[in-house]
Structures are given as C-alpha cells and as structure tokens.
Amino acid sequence: MPAHSPKSRNRELKSGGGGRLEFLVLSKPPAALQRAASEPPSPRHRAVQQVEGPGSGLGLRRDSASSSSQPDDDCMKLNPSLLGIALRSLLAIDLWLSKRLGVCATEDSPWGSARPIMKLIEVSGHGIPWIGGTLYCLCKSDSTAGQEVLLNLLLALILDLVLVGIVKSLVRRRRPTHNKMDMFATFSVDRYSFPSGHATRAALGGRFFLNHLVLAVPLRVLVMLWVCIVGLSRVMLGRHNVTDVVCGFSMGYLQYSLVEYMWLSSSNLQTFLRLLGI
Ligand SMILES: CC(C)=CCC/C(C)=C/COP(=O)(O)O
C-alpha cells in the first residue's frame, strides 16, 4: 500500500499520529470554525449572499466535512456563482446602456423631436407592411422564380412571427420602464421585449434581400444600414434593451439559415398549395 494512501493516513490519524488536527477538521468543525459560523456574516459574505441568495453554497458551507473531501464539488458550486455574477453584471450594463440610449422614449426625452422619424423606421420593420408587401408582390409576380422566392419569404416571415412569439412568451422579459407603449398592431406577447421582433425581421429580411435580389453595391450597403438603423431605433425609442436587439439580430440571422435549409422549390410549393386547397 502506498505510504500516503487515504486508508493508511486515516489509520495513522485514528491512532493519534501527527495528523490529529486534520482528523478533527474532517470529522467535526474546530472551535474557530464554529465561532465563525455563529458570528454575524462579514460585509463581504453578506455581499456574496446577496448575489447568490441564501444558502447558495459559497462561504461557510464550503468548509464543511463533505466538501473538503470532494474538491470537485467546490468547483461545481463556484462556477455557477461566477457565471451568475457575470450575467448579473451584463444585465446591469444592459439596463444602464439601454436607459442612456433611450433618448427618443417620449416627446420630453432629450431627442424627443426625432421620435416621429424613429416611429417611421419602426413601421418599416413592422410585420404588417412586410407580410402585406410580400403578398402584394406575389399577386403581381408573373415569373415562377419570383413566385418561389416570394412564397419562401412569406413562409419565413410567418415562421419568424411564430418563433419570436414562442420565445417572448417563454422568457417574459418586460419592456424597459421608460418605454411608452404606443406601437400599432401588436399581439399580446408583444408586451414582452425579448427578443426584438423588429430586429429578427430586419436581419431575416436583410439577408433575404442580399441573397435573392441582384443589387448594386450602394443598394446592398443601404440594406445593411437599414438593418442597423432598425435595431438602433428600437433602443432609442425605449422599446427594447440592447440585449433584446442583439439577440434578435442573431435569431433572425439563424432563421434565414433555417429557411435556406428548408427552401421550398416551385414544384414543392405547388404540391404544398394543392394540399392546402389553394
Ligand atoms: C401584427 C403583426 C403581423 C406583427 C406584429 C409585429 C410587432 C408589433 C412586433 C413587435 O416588435 P418588437 O418586439 O421589436 O417590439
């Protein structure tokens, strides 16, 4: 048996060897630790408990017998705490930045006079003009290729509404307190802010245009600029926090990849429409 195996060390401790103090630490807390447990927590402990909530596993519980014999458990408790602190810090920065950028939230806000133009940008990313415009172009289109692209765009816009609605109702993040809820034609889930539906639609529609329309470079730049302005206007109007828009852009970007993956060709679409009885 190796000289320092746990078994041989335990036997040595029980027989009153030099490791007696260590044995006491493992079996019951020494007086110093018991005193610490009964004393009120220090300001630093209180801060950690506030972030973690009561009984979160940091502090005195880490000194207990079970955790000292399982160092891996310590890591497991510490990592979520660090992650929690990082997330809370990110959210605090998000709220602070969103409030500072919400300069068009009301008419009395610092940039209140720019509110009408922001609301115009809001309309340009709203679901109704996008779905209505796609349906209109579909009716007017006389080429099979055009109809194929437009029908896929229509399905993508409907998929976007459904996915955003699902995520909003699952996350239930309230809109910023400085938002004045005067948006037109909203669904009930639109009282929630995560993710921004305008941002998902802008990213999805922008990618769609860039990939399916033959556009000159200045127009491509204009499309990208419009996507960014829609996102920025959501925060400036006070409708969203910055993270709602950033995550909305990411979600819209991924939705486009999904639509490309599930792309319906014109023959598939004709079968699909026949199944629907159209
Ligand atoms: C009524 C239709 C067809 C769509 C609703 C579009 C809408 C109001 C989305 C909310 O967007 P934000 O989450 O960016 O505020």
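Structure report, in brief. (Residues numbered from 1 in each chain as written. Predicted model: local features only at pLDDT ≥ 70, side-chain atom pairs only at ≥ 80, totals over all residues. Heavy atoms only, no water.)

### Focus: the side chain of Gln255
Thinking step 1. Locating Gln255 in the fold gives a position in helix 12 (residues 242–261).
Thinking step 2. Given the relative accessible area of 4%, Gln255 is considered buried.
Thinking step 3. A polar contact is formed between the side chain of Gln255 and the side chain of Asp160, at a distance of 3.5 Å.
Thinking step 4. The contact partners of Gln255, leaving out residues within four places of it in the chain, are Asp160, Leu163, Thr200 and Leu204. (Helix = DSSP H or I, 4+ residues; strand = E, 2+ residues; numbered from the N terminus. Buried < 20%, exposed > 50% of the residue type's maximum accessible area, 1.4 Å probe, protein only. Polar contact = N/O pair within 3.5 Å; in protein donor to acceptor, adjacent residues only side chain to side chain. Contact = heavy atoms within 4.5 Å.)

### A closer look at the site of the ligand
Thinking step 1. Taken together, 18 residues form the shell around the ligand, and within it Lys168, Arg175, Gly197, Arg234 and His240 come nearest.
Thinking step 2. A distance of 3.0 Å is found between an oxygen atom of the ligand and a side-chain nitrogen or oxygen belonging to Ser196.
Thinking step 3. Here an oxygen atom of the ligand sits 2.8 Å away from a polar atom, N or O, in the main chain of Gly197.
Thinking step 4. When the ligand sits alone it has 450 Å² of accessible area, and the protein chains cover 93% of it.
Thinking step 5. Only helix 8 (127–140), helix 9 (144–171) and helix 10 (197–212) provide two or more residues apiece to the shell around the ligand.
Thinking step 6. It is helix 10 that contributes the most residues to the shell around the ligand, three residues altogether. (Near = heavy atom within 4 Å. Areas by Shrake-Rupley, 256 points an atom, 1.4 Å probe, with all protein chains shown as cover.)

### What about the nonpolar core?
Thinking step 1. By size, the foremost hydrophobic cluster in this structure holds 10 residues: Val103, Cys104, Ala114, Met118, Ile121, Ala202, Val227, Val230, Met236 and Leu237.
Thinking step 2. Elements that contribute at least two residues to this core include exactly helix 7 (115–124) and helix 11 (217–236).
Thinking step 3. With sequence-adjacent residues up to four places away left out, Ala202 is seen in contact with Trp226, Val227, Val230 and Phe249.
Thinking step 4. In terms of nonpolar packing, the next biggest core, distinct from the first, is built from eight residues, Ala156, Leu157, Leu204 and Tyr256 among them. (Core = buried A, V, L, I, M, F, W, Y, C linked by side-chain atoms within 4.5 Å.)

### Some words on the packing of helix 9 against helix 10
Thinking step 1. With their axes 10 Å apart at the nearest point, helix 9 and helix 10 run at an angle of 160 degrees to one another. It follows that helix 9 is roughly antiparallel to helix 10 by the angle criterion. Helix 9 and helix 10 meet at a crossing whose hand is right-handed. On helix 10, the residues that touch Val149, Asn152, Leu153, Ala156, Leu157, Asp160, Leu161, Val164 and Lys168 of helix 9 are Gly197, Thr200, Arg201, Leu204, Phe208 and His212.
Thinking step 2. Looking at the contact of helix 9 with helix 10 residue by residue, the classes come out as eight nonpolar, four polar and three charged. (Axes fitted to C-alpha atoms, helices over the stretch in contact; angles between N-to-C directions. Parallel < 35°, antiparallel > 145°, perpendicular 65-115°, else oblique. Left-handed = near helix turned anticlockwise from the far one by under 90°. Nonpolar A, V, L, I, M, F, W, Y, C, P; charged D, E, K, R; others polar.)

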